[in-house]
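Each chain, written out:
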Amino acid sequence: MKNWMKVISVSLAVLMLFSMSGCDMLVQKDETPRTSIIEVGGDSTTTTTGADDPATEDSDVPGDTTTKGDVTGTTTTKGNTPGGKTTTTKTTKAQSKTEKKLSGNLELQIFVNGSDNNVFWEGLINDFEDANPDVKVITRIGTNVGTQLATRWMQGNPPDIANGGTGMDATAYMESGLFEDLTDFAKTATVYGSSEKIWDKIKPESVEYFNGKIYHIPNTATNYGLWYDAAYFKKNGLTVPKNYEDLMALADKCQKLGIGGVAYPGTSGAYLYWGMIMPALAAYGKDFFDQVCSAKDPSVFKSANFKAVMQRLIDLAGKNGGFMKGTVAINHTQSQMQWLNHRAALMSCGSWLESEMKTNIPLGFEMRYSTASLVTKSQKPTVVLMGGGMYIAAKGKNKENAKEFLRFMYQDKYLLGIMESYGYMTATKVDASKAKLTTTTKEMIKTVNSMNVVWKTQTMKSTFDNEFRNVNNAIVLGNIKNVDEACNRLYDVAKKNLK
Amino acid sequence: MQTASVGAVQQKTRKYPKLSASKKWFLWIFVIPTLLLFSFVTIVPLVESIYISFFEWSGYTPDMKFLGFQNYIDILGDPLFYKSAINDFIIIFFKEIIVCAIVILFAVTLTRLKLTKVENSIYRFIFYIPNILSSIVFTQLWVYIFNPGIGLADGLLRAAGLYDWIPEQGWMVEHTMPVLIWVICWCTVGSFMIVMISSINNISEETYEAAEIDGANQWRQLVHITLPAVWTQLRYMMVTILCSSLAANMNIVLPMTNGGPDNASMVMGLYVYQFGLSGASEVGYSNAGAVLLMIIAFGLSFLFNVVLLRREEK
Amino acid sequence: MAIKKKFSLGSFSLRLLLRIFLIAWGITVVYPLFWMVISSFKSSVEFYLDPWTLPQSLMWENYESAWVSSKFSEYFLNSALVVTGSTALYLLMLTTTAYAIGKYKFRLQKPIEIFYFFAMMIPTILLTIPLYFMMFNLGLTDNRAALGAIYALQSLPGGLYLLIGFVKNINNAFIEAAEIDGAGEWYIFTRVILPFVKPTVLYLAVVKIMSTWNEYVLALTYLRTESKFTVPIGVSYLTNTMEYRVDFGAMFAALTISVLPIFILFAVFQKHILSGVDAGEGVKG
């Protein structure tokens, strides 16, 4: 290339570079990612339509907005814009007389795991906007919102409300004081549109505390367990395990078949311990379980009960058909793949598995849920439930609106909706039989309800959580064969964390 | 000998002669701004990094607690840090050897073996491909190839009948480091091969012919003609591999094993990253680790260069 | 240009062995890509059941779904912008600095050279966080131009390490001849120095283009709005999403789409790129 050509092209490129920077500076900071919905409230000329009776009227009456509260019929709300043009939007629900008018902004961070959960959220958000037409709602919804918005949380410019998920380390945020303390709000707030207290609607035993404070009010209840293929079990004469002894027996049969017993994503080892180890610890009683979770007294990790559970894990790992070979290094999708290919009899996963895998189950595969864990035959079958809810940012600019959104979510319609969408159980007292659930989920709920339910009410510290996963992986891998070694590692980390 | 140039730079009189106006202009427009910008994006964050390493800071809130050297003491007392350092050294050691060997092998083969032009260009194209792929793309591919049991690696070995004799290998579990080293070498070879090929092509054929006539076999030709001629490129390659290893290692290890089963494949870059940019945020601690890393990297590179420079003068 | 006579490398078995190595390595490169492409035509269920066979039928829907759920056209544009701008800036800064350090004699010449040499050992990945906060305070985050400038600056020491050696080797007689003729610096730079170092500069340009195109960590940290994303960010987001949706076919389709353009570009320009580096003009390191 001639030298002059090179110089010209270089200068052109540099010019382009700087013009790009000029463009970037003109773009406002709140340009939103395309995966979000932007819905603007009623102060524009667009009218949002709802499902039921349309009753919009335009009027040029300046002045204050009037709201007609009507418990039985439809309501119209008028809003004013400074330019003198008035637009009205109608609500589809009856508004309680006590609901105040909201205005301002609200930014939501919603993690969805890729199935059609966003349908639920979009419906919920649309309804919220209909009820509060003066609120400008920005929704960031998708699988990557956690990573995408992480730096904003760090810089002190977070969205107002978030539901956790991958990419957002909720525990670390909690520890750094990024979440609003909801203790008082949880006890005093009412459900939207009624005078029923949220605190009365939820199951109080399901609330999770961090340092004695509440940072998220429970809505859904997640449980883990071992999933299996009923057809495969039938074909190969395997008995569905119900407890630890059954698992040990199954391991021998699996070895004969040449497959592994349990598979789980080693890279996110939490699936293993929530599914198998925690229930066994919970079987020793709620207080003991709380102590383990909070890790406030490191000596609990050297206690006889804890050692007993760890020893069971070591023994199961020591059997050739106990855990699938290589399970320690695979990720979530790989573990599903191994399981669907019948290279492992059981997979340890959460209750969202069915909704996640809806479209990918091969013909003839009957996915079922078993609550077998390291709980022994002589103990009561135990399952651990975790309450999930939304977090409000402490540095958010619209905390009031965020709290209102929370109140809105506790209406029956949405409590049931979220169960249907995710396949979760509920942490509230809503009548679960009203939800349209799949057979698998219904069976799962029935099974869980018949067991000894222990709620997780203490948040685990993230450094401890990490070490726990590592220790479990090391045991499954066979690197740790001595129970004292495992317990000492956990004891040391818990001690270090006390500082 | 140098002839004295008119009005411009005098080569042998003063040590730092006065530069011509034209040269000064060049310096001020191009060189000085570059230097300033570079310092701005490199030195300033570096200094800040060192400053933060003396504090405890979560990165989320503005409160920072002064700790003195406590972060450094903690890190040096953490066995995991040493483990990651050792892992890094292992990877770099094998990487240097394997990459250099393969690059020289292929470069020599492609320039000196009787291949048709088409074949030659096809090979060059193919071998460069790993370098044009993003690490996200090929780490995914390799993870699935090493999938336990149903992956390609196991499938091939099973088809070859090897699994009748040896038990099924848990690639990522039992051989984590070798798999990582393999993938890292796989993606590094391409670009260095290009420069090596070009410098080998610059060696004149007559040298080889003369040596052949003198009875030197292929090996001696390689060692005494080829290698010395490409020594600068070779040295550049080795130093670059060393310096870029920290980032390069982490880019492969993070997506593939995230530190490996129970920290088996933890590398220093990942160790620092875990505390800094992800989850348990202790930015001060992570920066202290970064500073230590830099000192280690410095020391190594320095040693490397000194050793290699001595070699060159021999 | 010297005629390159292909010298035979000795015994038949040695040549055969070498050929086998070449082919084996070629397979390790080609097969993963081939697998990626055939997997992109399968449905997820099909993929789960047997990842290694050829697909039953070509599911083009996977490509449609990958394209629709992502904004790949924008990503490509962004990547192209960032890469071009940053490489151009890089080459400019690199060549001018290398010339000055290699040929000028002034008091700061040696210190600057040593400075860059040591700067090469600074692992830039460790500076990501403080640099980000610096940029944030200047309001330059989420700015593709700033990102391009950072890319250009960070690779400077490595390139200088290579290039300064070449520049120093240029015979001063050429420069002096030009000066005697009354040439200005820019003329000397473009007409005397650059032609000598062209192959090395081309090589560095190619390497820079490739590494910038694939750069992920910095891009992820700085670019916040989706319309500015570069291809690597897009690919990683997509693979994340696809993993959850467990739609493997679409994930592989996305990977293939992301790889295709640069592949084609490279194939087309390969002759120029690789042979340009080849045609060294007698400048030996």
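This structure is a prediction, so every number in the text was calculated from the model and none was measured.

Draft legend 1. Quick peek at the overall build of chain A. For chain A, the helix and strand inventory stands at 18 helices and 16 strands. The buried share of chain A, reckoned over its 499 residues, is 58%. The contacts in chain A between residues at least 6 apart in sequence include a share of 76% that link residues at least 24 apart.

Draft legend 2. Broad picture of the overall build of chain B. In terms of helices and strands, chain B carries 13 helices and two strands. A buried classification covers 58% of the 314 residues belonging to chain B. Of the contacts formed within chain B by residues at least 6 apart in sequence, a portion of 65% connects residues at least 24 apart. As displayed, chain B offers around 13,600 Å² of accessible surface, 68% of which is attributable to carbon and sulfur atoms.

Draft legend 3. Expanded view of the side chain of K403 of chain A. Here K403 of chain A lies in helix α14 (residues 399-409). For K403 of chain A, the residues in contact, after removing those within four places along its chain, are E180, L182, F185 and I392 of chain A.

Draft legend 4. Main features of the interface of chain B and chain C. Contact with chain B, which involves 103 residues of that partner, is made by 99 residues of chain C. The tally of links between chain B and chain C comes to one salt bridge. A salt bridge links K23 of chain B to E179 of chain C, with the nearest nitrogen and oxygen atoms 3.0 Å apart. Counting across the interface, chain B meets chain C through four residue pairs in polar contact (both at pLDDT 80 or more). Ranked by the residues each element gives to the side of chain B that touches chain C, the list is headed by helix α1 (residues 21-52) of chain B, at 21 residues. Classifying every residue of the side of chain B that touches chain C gives 64 nonpolar, 29 polar and ten charged.

Draft legend 5. Expanded view of the interface of chain B and chain A. Between chain B and chain A, the residue contacts involve 22 residues of the former and 26 residues of the latter. For the pair chain B and chain A, the summed buried area comes to about 2,200 Å², and 58% of that belongs to carbon and sulfur atoms. The interface formed by chain B and chain A contains two salt bridges. Among the ionic pairs, K325 of chain A bridges to E174 of chain B, the shortest N-O distance being 2.8 Å. Inspection of the region where chain B meets chain A yields seven residue pairs in polar contact (both at pLDDT 80 or more). Elements supplying a minimum of two residues to the side of chain B that touches chain A: α5 (135-145) and α7 (171-174) of chain B. With three residues, α7 of chain B is the single largest residue contributor to the side of chain B that touches chain A. Its residues assigned to classes, the side of chain B that touches chain A comprises nine nonpolar, ten polar and three charged.

Draft legend 6. Region of the structure containing the pairing of strand β9 (residues 220-229) of chain A. Residue and element names in this part refer to chain A. Of all ten residues that make up β9, ten are buried, and the element is covered over most of its length. Sheet analysis places β9 next to strand β13 (residues 382-388), joined by four bridges and oriented antiparallel. Note that in β13 the partner of N223 across the bridge is L385. In the sheet, β9 pairs with strand β15 (residues 425-426) via two bridges, with the strands oriented antiparallel. The residue of β15 that forms the bridge with T220 is T426. Where β9 meets strand β11 (residues 344-350), four bridges bridge the pair, whose relative direction is antiparallel.

Draft legend 7. The arrangement of the packing of aromatic side chains in detail. Evaluation of the coordinates by the stated rule reveals 62 aromatic pairs over all chains. Considering the side-chain rings of Y51 of chain B and F55 of chain B, the 5.0 Å spacing of their centres and the 50° angle between planes classify their relative orientation as tilted. Judged by its relative accessible area of 11%, F55 of chain B is buried. Ring plane angle 75° and centroid distance 4.8 Å describe the contact between F41 of chain C and W60 of chain C, whose orientation is recorded as edge-to-face. Taken together, the residues F41 of chain C in the loop between α1 (12-39) and α2 (44-49) and W60 of chain C in the loop between α2 and α3 (61-68) connect sequence positions 19 residues apart. Since its relative accessible area comes to 52%, W60 of chain C is described here as exposed. The structure contains a cluster of three or more aromatic residues connected by ring pairs, namely F106, Y123, F127, F138, W142, F146, W171, W182 and W186 of chain B together with W25 of chain C. It is K302 of chain A that lies over the ring of Y491 of chain A; its NZ or CZ is 3.9 Å from the centre. It is K208 of chain C that lies over the ring of Y90 of chain C; its NZ or CZ is 5.4 Å from the centre.

The rules behind each value
- Residues numbered from 1 in each chain as written.
- Chains lettered and ligands numbered in written order.
- Predicted model: local features only at pLDDT ≥ 70, side-chain atom pairs only at ≥ 80, totals over all residues.
- Heavy atoms only, no water.
- Helix = DSSP H or I, 4+ residues; strand = E, 2+ residues; numbered from the N terminus.
- Buried < 20%, exposed > 50% of the residue type's maximum accessible area, 1.4 Å probe, protein only.
- Contact = heavy atoms within 4.5 Å.
- Areas by Shrake-Rupley, 256 points an atom, 1.4 Å probe, with all protein chains shown as cover.
- Salt bridge = Lys/Arg side-chain N within 4 Å of Asp/Glu carboxyl O.
- Polar contact = N/O pair within 3.5 Å; in protein donor to acceptor, adjacent residues only side chain to side chain.
- Nonpolar A, V, L, I, M, F, W, Y, C, P; charged D, E, K, R; others polar.
- Buried area = accessible area lost by both parts, 1.4 Å probe.
- Pairing = 2+ DSSP bridges.
- Phe/Tyr/Trp six-rings, centres within 6.5 Å; stacked < 30°, edge-to-face > 60°.
- Lys NZ or Arg CZ within 6 Å of the ring centre and 35° of its normal.

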